[in-house]
2 protein chains.
Amino acid sequence: MSDKYRILIVEDEPLIAEDIAGYLIEYGFDVVGIAGNAETARRMLAENRPHAALLDINLGEGPDGIVVAEDIRDKYRIPFVFLTSFADKGTLERAKKTMPAGYLLKPFNGNDIMTSLEIAIFNHMNATGALQKEPNLEAINTQLPVELSIREYELLLSLRKGLTNKEIGERLFISVNTVKTHLQHLFVKLNTKNRTEAIFRISELMNGA
Amino acid sequence: MSDKYRILIVEDEPLIAEDIAGYLIEYGFDVVGIAGNAETARRMLAENRPHAALLDINLGEGPDGIVVAEDIRDKYRIPFVFLTSFADKGTLERAKKTMPAGYLLKPFNGNDIMTSLEIAIFNHMNATGALQKEPNLEAINTQLPVELSIREYELLLSLRKGLTNKEIGERLFISVNTVKTHLQHLFVKLNTKNRTEAIFRISELMNGA
DNA sequence: TTCAAAATCATCCTTTCGGGTGAGGTGCAC
DNA sequence: GTGCACCTCACCCGAAAGGATGATTTTGAA
């Protein structure tokens, strides 16, 4: 498996598509598919698992590139850039609701595409990484009537990872009995009945519920 | 106070800056400042509090636009778009670390700027709000070797809320035994040992791990 | 120093969970 | 009609979780 980024091109004009593909390959990307319509795009997304996509909005007959974009936004977690000649307000309004990483208006060249893709992929990697942030003890405590101790907070982090009491004990070098004691205190402070509810409560606190 | 979006322009060529300002005003943006160097940009950021910024990379003497971008990334939470003629790898590498919303290469026109700004601002608003969403069945299934059934998905949603088997049964009007059967299937499909690990796996899938 | 909170561990007991197995009913595709 | 997937439920059993109580040690603040 190559370590190049795998790009899907959705463009109904074969000549333009080939042109774009040439740019991408020249810049060190892998082109994992060229789809001329939404149907093909959908299939290639499922089968080829690209890291990012370039979407023409006008695809002739049938669903347009924005529909493909909605599909990507809902089902796949990859960044994409629109390549289009539509600069009108209506199209832009529809397009931006799909949260594209970029929107390139014709005429564009290889450099335009390359820079937009690079940034789209880079931002996407950092954005998804930032989401996996672990809860912060202070942030939790400010929202609780009774503060968690450091040890209880550590237990909580292990809880979130789906570990059992035994595994938590091994990981923190304490007895299973101690783990249970800490968890009892944790449940009281979080006002929860069990571990799964505790996990849920924490995710609520993290997202300002 | 106007409800227009307030934009800061950082550009050392007065003619180009005026040109851009004209575009923006025409498209309904407010131009809250034109900075010809990093120093002025910094001051205007602090004083005028723009919603977004357009940054030329080359600012003549002194710190360039990427330095301004780093400042924005660290101190302000606003999206920004680079406007530049630098397409070289080195500049792009430096620029993308600042996580710009866009990167427009010269020559660009009013439409290029307008669409990039619209998308930058729109994405920024949605990114800082709707971080945590309910998992989507299709999104999960595309990432699993064996797809979840609808019922199993419903069970999963209840699991995430921290409900016990009994509570889930009552909520879905099925027997606890049925709940257990579904959960067994769920654990196999998610390749997890228990409910808490299943919750963790789902959050991984949602965050593209 | 004294006191209190935190951290550690244990024992006993009940409840819940999870695995295994079997099985009846429905609806849909071939 | 025959499969097949899905949903439903039951019983059994061992493992894990959770509740209650008590106790020791460490640590930091008063």
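Everything numeric here is computed off the predicted structure, so don't read it as measured data. Along each chain, residues carry numbers from 1 onward, in the same order as the chain's sequence is written. Chains and ligands are labelled by the order in which they are written, letters from A for the one and numbers from 1 for the other. Thresholds applied to this predicted model are a pLDDT of at least 70 for local features of residues and 80 or more for the giving and counting of side-chain atom pairs; totals over whole chains, interfaces and linings are not thresholded and use all residues. Heavy atoms from the whole structure form the basis of all side-chain values; hydrogens and water molecules are not counted.

A. The arrangement of helix α9 (residues 176-190) of chain B in detail. All names here are of chain B. Between the first and last C-alpha of α9 there are 21 Å, a value that for 15 residues agrees with the 21 Å anticipated at 1.5 Å per step. Relative accessibility decides the category of a residue: with a 1.4 Å probe and only protein chains considered, values under 20% of the type maximum give buried, values over 50% give exposed, and everything between is partly exposed. Elements are defined by DSSP. Helices are runs of H or I of four residues or more, strands are runs of E of two residues or more, and each kind is numbered from the N terminus. Considered for burial, the residues of α9 that qualify are V179, H182, L183, L186, F187, K189 and L190. With its buried residues spanning 160° around the axis, α9 presents them on a single face. Turned more than 90 degrees from where α9 packs its buried face, N177, Q184 and V188 sit exposed. Contacts: residue pairs with any heavy atoms within 4.5 Å of one another. Turning to α9, the residues buried within the fold contact α7 (150-160), α8 (165-172) and α10 (195-206). Pairs of N or O atoms are called polar contacts if they sit within 3.5 Å, as long as, within protein, a hydrogen donor faces a hydrogen acceptor (for residues adjacent in sequence, only side-chain-to-side-chain pairs). The N-capping residue of α9, defined by a side-chain oxygen 2.9 Å from the backbone nitrogen of N177, is S175. The span you would expect from a helix comes to 1.5 Å times its residue count less one. Our arc is simply the arc of the directions from the helix axis toward the C-beta atoms.

B. Quick peek at the sheet that holds strand β3 (residues 52-56) of chain A. Residues and elements named next belong to chain A. Here 5 strands make up an open sheet; going across it, the order is β2-β1-β3-β4-β5 and the pairing parallel. The sheet is open, and its two edges are formed by β2 (30-35) and β5 (102-105), each paired on a single side. Averaged over all neighbouring strand pairs, the angle between strand axes comes to 20°, with direction disregarded. One ladder, built from 4 bridges, connects strand β4 (residues 80-84) with β5; its direction is parallel. Within the sheet, the bridge partner assigned to L83 lies in β5 and is L104. Docked against the sheet, helix α2 (residues 38-48) engages β1 (6-10) and β2, running at close to 150° with respect to β2. Comment: axis = line fitted to C-alpha atoms, over the contacting stretch for helices; angle = value between 0 and 180 degrees taken between N-to-C directions. The sheet strands contacting helix α3 (residues 65-75) are β3 and β4, and the helix crosses β3 at an angle near 155°. The pairing criterion is simple: DSSP has to find at least two bridges between the two strands.

C. Main features of the pairing of β1 of chain A. All names here are of chain A. The buried fraction of β1 amounts to 5 of the 5 residues, a majority that puts the element mostly inside the structure. What you see with β1 is no split at all: R6, L8 and V10 on one side and I7 and I9 on the other are buried throughout. Alignment of β1 against β2, held across 5 bridges, turns out to be parallel. Within β2, the position partnered with L8 by the bridge is G33.

D. Region of the structure containing the protein's contact with DNA strand D. Any residue with at least one heavy atom within 4 Å of a molecule or strand is counted as near it. Every one of the 17 residues lining DNA strand D counts as a neighbour, but K180 and R195 of chain A together with S149, S175 and T178 of chain B are closest to it. Within 4 Å of the protein, atoms of DNA strand D come from sugar and phosphate in 64% of cases. Within the side chain of Q184 of chain A, an N or O atom sits 3.1 Å from a base nitrogen of DNA strand D. In the model, a phosphate oxygen of DNA strand D is placed 2.6 Å from a nitrogen or oxygen of the S175 of chain B main chain. Looking at the surface near DNA strand D, the elements that each hand over two or more residues are α9 (176-190) of chain A together with α7 and α9 of chain B. At 4 residues, α9 of chain B tops the list of elements feeding residues into the surface near DNA strand D.

E. Molecular detail of the packing of aromatic side chains. Residues and elements named next belong to chain B. In this analysis, rings of Phe, Tyr and Trp, with Trp reduced to its six-membered ring, are considered paired at centre separations within 6.5 Å, and the interplanar angle assigns stacked below 30 degrees, edge-to-face beyond 60, and tilted for intermediate values. Considering all chains together, one arrives at 4 aromatic pairs over all chains under this definition. Seen from their ring centres, F80 and F82 are 5.7 Å apart, and the 80° between their planes marks the pair as edge-to-face. For the pair F80 and F82, a shared accessibility class is recorded, and that class is buried. Measuring from ring centre to ring centre gives 5.9 Å for F82 and Y103, while their planes differ by 65°; the resulting arrangement is edge-to-face. With F82 in strand β4 (residues 80-84) and Y103 in strand β5 (residues 102-105), this residue pair connects regions lying 21 residues apart in the sequence. For the residue pair F82 and Y103, the accessibility class agrees, reading buried in each case.

F. How the structure looks around the pattern of salt bridges. One speaks of a salt bridge when a side-chain nitrogen belonging to Lys or Arg is within 4 Å of a carboxyl oxygen belonging to Asp or Glu. If you walk through the whole model with that rule in mind, you get 29 salt bridges over all chains. The structure contains a network of salt bridges with shared partners spanning E167 of chain A together with K193, E197, R201 and E204 of chain B.

G. Expanded view of the pairing of strand β3 (residues 52-56) of chain B. Residues and elements named next belong to chain B. Extensive coverage of β3 is indicated by the burial of 5 of its 5 residues. Alignment of strand β1 (residues 6-10) against β3, held across 4 bridges, turns out to be parallel. Looking at the pairing, I7 lines up with A52 of β3. As judged from the 4 bridges shared by β3 and β4, these two strands associate in the parallel manner. In the sheet register, L54 faces β4, and the bridge partner there is V81. Considered for its hand, the β-α-β crossover made up of β3, helix α3 (residues 65-75) and β4 is right-handed. Assignment of crossover handedness uses the view with strands pointing away from the viewer, where a clockwise path from the first strand over the helix to the second indicates a right-handed crossover.

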